[in-house]
Amino acid sequence: MEMVLQIVLLILGFIALIKGADLFVDGSSSIAAIFKVPSVIIGLTIVAMGTSAPELAVSTSAAINGSNEIALSNVVGSNLFNLLVVLGVCAVIKPVPIEDAIKKRDYPLNIITTVLLFVALGVGMISAVDFAKVRMSDNVSTVSRWIGICLLVIFIAYIIFLVCSALKNKTEGEAVKQMSPLKSVMFILIGIALIVAGGHFVVESAKYIAAALGMSETLIGLTVVALGTSLPELVTSIVAARKGENGLAVGNVVGSNIFNLLLILGVSATIHPIAVNFASMVDFAILIVASILVYIFALTKKINRIEGVAMILFYVATVIFAALR
């Protein structure tokens, strides 16, 4: 009976996510047009913050409860899912053009911070680990409070830079349906509420079902929880891409990944230092490879359908590898 209830909650969560994403995109697009702000900036900030809310809630809760493996693997898994599946699916639906600002500013920041964090964790691992005897489940490094604080400082500086950039580069307004300011804000707030509630139901139900099947905490965090908390990004970006809002779709993905790495991991580590096992270091390395691969695709005028399929297949291979190990 409990399993049936969890499946029902899972379906209701999906419905809430889809409707919430639709309202959220409409409200955000309208705000961009009203205030003459490029939709890519809205995607990198408001939309990214809203769709990252489930990750923030899950990872913070996991850190407080000491479930560090879920806190870290949720961030890594979500970023992999966003890059490979969300952008990949959008590209399969319709080739996705990447704006110059994303290619020159935001995406490089995402790659650099990921690499720097990996190096910081790797320094501690190299000095403390016997690689001949290490197992995937062994803790080999730590995301300390100082690292968490540094991530938060970088995040705050990034947001300030984006706001200043938006104020300097106002546009003539996006060619989208424009609603009244009050209605636009209501759409955004209702959309966020539905996204967060839907994400919560999906994650909790999926965790229950996965645990009943005997999956490990790291695997649950990397796959089920990461997929569940990334559903808002997936649904929001697909809806945005179908409506021709490519700035929102791509900005949402890149912005969410930056939020996950800097804000969510920063907050989680500041609350409670996060132990990093060897499996998570391997996943970090895969994330770096995936980030560079997608960036290479993005350097062309747009990510086409074939590249989108390749990205999705890369993700499937990653999940299979994680399950087999």
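Structural data are supplied above this passage.
Structural notes, computed from the coordinates. The numbers attached to residues start from 1 for each chain and follow its sequence in the written order. Selection of residues for local features in this predicted model requires a pLDDT of at least 70, selection of side-chain atom pairs for listing and counting requires 80 or more, and totals for whole chains, interfaces and linings are taken over all residues. As a rule here, side-chain values cover all heavy atoms of the structure and leave hydrogens and water aside.

### Observations regarding the overall build of the protein chain
Using the following cut-off: By definition, any uninterrupted DSSP run of H or I lasting at least four residues is a helix, any uninterrupted run of E lasting at least two residues is a strand, and each is numbered from the N terminus. The contact criterion used is simple: two residues touch if any of their non-hydrogen atoms lie within 4.5 Å. To be clear on the numbers: accessible area is Shrake-Rupley with a 1.4 Å probe, and residue cover counts the displayed protein chains and nothing else.
Scanning the protein chain from terminus to terminus reveals 10 helices and 4 strands. A fraction of 87% describes how many contacts in the protein chain between residues 6 or more apart in sequence connect residues 24 or more apart. Accessible surface computed for the protein chain: about 13,800 Å², of which carbon and sulfur atoms make up 72%.

### Looking at the environment of Leu80
Rules: Relative accessibility decides the category of a residue: with a 1.4 Å probe and only protein chains considered, values under 20% of the type maximum give buried, values over 50% give exposed, and everything between is partly exposed.
With respect to the helices and strands, Leu80 occurs in helix α3 (residues 68–93). Looking at Leu80, the relative accessible area reads 2%, which means it is buried. For Leu80, the contacting residues outside a window of four places in its chain are Val85, Ile286, Leu287, Ala290, Tyr315 and Thr318.

### Section: helix α1 (residues 2–34)
Residue pairs spaced three or four apart in an α-helix point in one direction, given the helix's 3.6 residues per turn. To keep it simple, the criterion reads: How far a helix is expected to stretch is found by multiplying one less than its residue total by 1.5 Å.
The end-to-end C-alpha distance of α1, which contains 33 residues, comes to 47 Å, matching closely the 48 Å that a straight helix rising 1.5 Å per residue would cover. Count one or two residues on from α1 and you reach Lys36, which has phi positive near 55°.

### A short note on helix α6 (residues 181–212)
Between the first and last C-alpha of α6 there are 46 Å, a value that for 32 residues agrees with the 46 Å anticipated at 1.5 Å per step. Phi for Gly214, located one or two positions after α6, is positive at around 80°.

### Concerning the pattern of salt bridges
Two side chains bearing opposite charge may form a pair once their charged atoms approach each other closely. This is how it is decided: By definition, a salt bridge exists where a carboxyl oxygen of Asp or Glu is found within 4 Å of a side-chain nitrogen of Lys or Arg.
Following the criterion strictly, the structure yields 2 salt bridges and no others. The residue Lys103 makes a salt bridge to Asp100 at a minimum N-O spacing of 3.8 Å. With a gap of 3 residues between them, Lys103 and Asp100 both fall in helix α4 (residues 100–128), about one helical turn apart. One salt bridge in this structure joins Asp106 and Arg105, with 2.9 Å as the shortest N-O distance. By relative accessible area, which is 0% here, Asp106 ends up buried.

### A look at the nonpolar core
Rules: Here, nonpolar core refers to any group of buried Ala, Val, Leu, Ile, Met, Phe, Trp, Tyr and Cys residues whose side-chain atoms link them within 4.5 Å.
Of all hydrophobic cores here, the largest spans 84 residues; its most connected members are Leu80, Leu84, Leu121, Leu265, Val294 and Ile303. At 13 residues, the largest contribution of residues to this core is made by α3. Among residues more than four places away in sequence, those in contact with Leu84 are Ala290, Val294, Met311, Ile312, Phe314 and Tyr315.

### Quick look at the packing of α1 against α6
In plain terms, the rule: Under this scheme, a helix contributes an axis fitted over its contacting stretch, all axes are lines through C-alpha atoms, and angles between N-to-C directions fall in the 0 to 180 degree range. Just so you know how the angles are binned, under 35 degrees is roughly parallel, over 145 roughly antiparallel, 65 to 115 roughly perpendicular, and the rest oblique. The sense of a crossing depends on the near helix, which, turned anticlockwise from the far helix by less than a right angle, makes the crossing left-handed and, turned clockwise, makes it right-handed. Each residue is assigned to one of three groups, with Ala, Val, Leu, Ile, Met, Phe, Trp, Tyr, Cys and Pro labelled nonpolar, Asp, Glu, Lys and Arg labelled charged, and all others, Gly among them, labelled polar.
Where α1 contacts α6, the two axes come as close as 6 Å, and the packing angle between them is 155°. Compared by their axis directions, α1 and α6 come out roughly antiparallel. Crossing of α1 over α6 shows left-handed handedness. Classifying every residue of the contact of α1 with α6 by side-chain character gives 26 nonpolar, 11 polar and 4 charged.

### Observations regarding the packing of helix α9 (residues 278–298) against helix α10 (residues 305–324)
At a minimum axis distance of 11 Å, the contact between α9 and α10 shows a crossing angle of 175°. One element, α9, and the other, α10, form an angle in the roughly antiparallel class. Taking contact as the criterion, the partners of Val282, Ile286, Val289, Ala290, Leu293, Val294 and Phe297 in α9 are, on α10, Glu307, Met311, Phe314, Thr318 and Phe321. Of the residues that constitute the contact of α9 with α10, the class distribution is 10 nonpolar, 1 polar and 1 charged.

### Digging into a nonpolar patch on the surface
Heads up, the condition is: Only residues above 30% relative accessible area that lack a salt bridge enter a patch, with like-charged residues linked at up to 9 Å and the nonpolar side chains Val, Leu, Ile, Met, Phe, Trp and Tyr linked at up to 5 Å.
Together, Met3, Val4, Ile7, Val8, Ile11, Leu12, Ile15 and Tyr208 make up an exposed nonpolar region whose accessible area comes to about 680 Å². The biggest single contributor to the nonpolar patch is α1, with 7 residues. By secondary structure assignment, the location of Met3 is in helix α1.

Worth remembering: the numbers are spatial, not functional.
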